[in-house]
Amino acid sequence: MQTTIPAAMAGIQSSLAQAGVVSVSHAGDWTAEQDARFMRAVRAAQCSQHTPDPVVGMIAGDVTLQLSGQFTQDGQFSVNAATTVPTFGVQADASRTRGQTISLPVAYAPLSSMPDVEMSRQIAYETEMLAQNDDTRHREADRLIADREHLRKRMQLLIDTWVAIKCVRHKPDVPFVGNRQ
C-alpha cells in the first residue's frame, strides 16, 4: 500500500483527534470551550481511577513520524546451449520493504504535577530563546510562569472539588498534550 507524507501526517492528526487529546498549552489563554473540554477530561480521569489526583498520560514532546520505503530488484538471466540439447535457465529475485514508525513520548504523572510537566516541555522548546538576556526572554519567561500558575490553580480547584458520587459513568481516558506554538 502506498501513502504520501501528507496522508500519513493527516492520519496521525486524525488518530490523535479520535483519541480525544486535550491540550494543556497556554492555559492562561483558553476559551471557555477549551476550559470545559479540559474539565471533562480531568473529571473522566478522576472518575475512572476513583481518586481526586489520578495519574494521567501526557504527550511530553514532539510526535515524530518516520516513513521509509524501499524496492529492490535483482535478477539474473542466462542462456546455455549444448550441442545435443539446448538448456535455458532464468533466475530472478525481487523484494519490497515498507515501514512506518511513529514516536510518541508520553509522560505519566499525577494530575497535580501536570503544570510542572507542561512547563518543562515548553522550556525545552524555548531553551535557546530563554538563554538570551533580553526583554523577549523576560516576557516569555513571565508568560510561562503565568501559564503554569493558571494551570496549577485550575488543577487544584478540580482536585479540591472532586466528589466521587458525581461519577455517573466511565468515559474513556484521553491523553493530554502540549501544543508547540
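Just so it is clear, the model here is predicted, and its values are computed rather than measured. (Residues numbered from 1 in each chain as written. Predicted model: local features only at pLDDT ≥ 70, side-chain atom pairs only at ≥ 80, totals over all residues. Heavy atoms only, no water.)

Take the environment of Ala124 next. Of note, Ala124 is situated in helix H3 (residues 114–125). On the accessibility criterion, Ala124 (55% relative accessible area) is exposed. Spatially, the C-alpha atom of Ala124 lies 8.9 Å from that of Gly61, the residues being 63 residues apart in sequence. (Helix = DSSP H or I, 4+ residues; strand = E, 2+ residues; numbered from the N terminus. Buried < 20%, exposed > 50% of the residue type's maximum accessible area, 1.4 Å probe, protein only.)

One way to put it is that H3 packs onto helix H5 (residues 135–160) with a least axis distance of 8 Å and a crossing angle of 160 degrees. Relative to H5, the element H3 lies roughly antiparallel. Considering only the axes of H3 and H5, their crossing is right-handed. Here Met114, Pro115, Asp116, Glu118, Met119, Gln122 and Ile123 of H3 come into contact with H5, specifically with Arg143, Leu144, Ile145, Arg148, Leu151, Arg152 and Met155. Across the contact of H3 with H5, the residue classes tally to 8 nonpolar, 1 polar and 5 charged. (Axes fitted to C-alpha atoms, helices over the stretch in contact; angles between N-to-C directions. Parallel < 35°, antiparallel > 145°, perpendicular 65-115°, else oblique. Left-handed = near helix turned anticlockwise from the far one by under 90°. Contact = heavy atoms within 4.5 Å. Nonpolar A, V, L, I, M, F, W, Y, C, P; charged D, E, K, R; others polar.)

Evaluation of the coordinates by the stated rule reveals 1 aromatic pair. Judged by centre distance (4.9 Å) and plane angle (50 degrees), the rings of Trp30 and Phe38 are tilted. The class for Trp30 is buried, based on a relative accessible area of 15%. A relative accessible area of 0% means that Phe38 is categorised as buried. (Phe/Tyr/Trp six-rings, centres within 6.5 Å; stacked < 30°, edge-to-face > 60°.)

What follows deals with the sheet that holds strand S5 (residues 106–110). Taken together, 4 strands build an open sheet; the order of strands is S1-S6-S2-S5 and the sheet is mixed. If you trace the sheet from one side to the other, it starts and ends with strand S1 (22–23) and S5, each paired once. Inspection of the sheet shows S1 paired to strand S6 (residues 176–177) by 2 bridges, in the parallel sense. In the strand pairing of S6, Val22 is matched with Phe176. Against the sheet, H3 contacts strand S2 (55–59), S5 and S6, and its axis sits at roughly 15 degrees relative to S2. (Pairing = 2+ DSSP bridges.)

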